[in-house]
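# Descriptive structure summary
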Amino acid sequence: MFKGLKGITLLVAAAVVVVGIAYGGFVSSHQSSHDEASAGIVRVADPAEQLRVTLDPKNFQGDVRKAYEAAERNPALLAQLHCYCGCDKADGHKNLLDCFRDTHGSTCAICVGEARDAEAMANRGVPVEQIRDALRARYAAAHGS
């Protein structure tokens, strides 16, 4: 009955249509948005926002903005670094990146300094182990962490 690649393609396409109809996937956009609204579903205007690892740096100014930009550019680096301001105990942060996932980084000079210093060192080719040591020497002792 269904022979070759064309037959298989036709069969798969038919199955997709049937499943779509069965699950209500092919309804008018008006009906769909009405159903979503009544179900309490909220659509995000920019799906890329859902993938953001940090808060949007555009929400901040000056050095704070630069720190959020550094975190946005280097999430893998900051995720490997400890923050020495005490937010691990106070806020449950696991690493320096966590400070920039929320507004904590916007109110903490230690977080801002660490993020900017870490990025500057990384840009000079300093290995992450040495970045960790430098941040520890500069921020842990000075801030009692």
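In this report, we go over the structure that sits alongside the text. (Residues numbered from 1 in each chain as written. Predicted model: local features only at pLDDT ≥ 70, side-chain atom pairs only at ≥ 80, totals over all residues. Heavy atoms only, no water.)

### Brief notes about the overall build of the protein chain
Summing up its helical and strand segments, the protein chain has 8 helices and 0 strands in all. Each helix and strand of the protein chain, ordered N terminal to C terminal, gives the series α-α-α-α-α-α-α-α. Split into buried and exposed, the 145 residues of the protein chain put 30% on the buried side. Of all intrachain contacts in the protein chain linking residues separated by at least 6 positions in sequence, the fraction that spans at least 24 positions is 51%. For the protein chain, the accessible area works out to roughly 9,600 Å², and carbon and sulfur atoms hold 57% of it. (Helix = DSSP H or I, 4+ residues; strand = E, 2+ residues; numbered from the N terminus. Buried < 20%, exposed > 50% of the residue type's maximum accessible area, 1.4 Å probe, protein only. Contact = heavy atoms within 4.5 Å. Areas by Shrake-Rupley, 256 points an atom, 1.4 Å probe, with all protein chains shown as cover.)

### Focus: the environment of Asn-74
Within the fold, Asn-74 resides in the loop between α4 (62–73) and α5 (75–78). A relative accessible area of 18% places Asn-74 in the buried class. Measuring from C-alpha to C-alpha, the distance between Asn-74 and Leu-97 comes to 8.9 Å, with 23 residues separating the pair along the chain.

### What to know about the packing of aromatic side chains
Each pair of aromatic rings is reported with the distance of its centres and the angle of its planes. The full count for this structure, using the stated rule, is 2 aromatic pairs. On the basis of an interplanar angle of 15° and a centroid distance of 4.1 Å, the ring pair of Phe-60 and Tyr-68 is categorised as stacked. Here Phe-60 falls in the buried class, since its relative accessible area comes to 13%. Ring geometry for Tyr-68 versus Phe-100: centroids 4.9 Å apart, planes at 85°, classification edge-to-face. (Phe/Tyr/Trp six-rings, centres within 6.5 Å; stacked < 30°, edge-to-face > 60°.)

### Considerations on the environment of Thr-107
The residue Thr-107 is located in the loop between α6 (87–90) and α7 (109–123) in this model. Sequence separation between Thr-107 and Val-64 is 43 residues; the distance between their C-alpha atoms is 8.2 Å.

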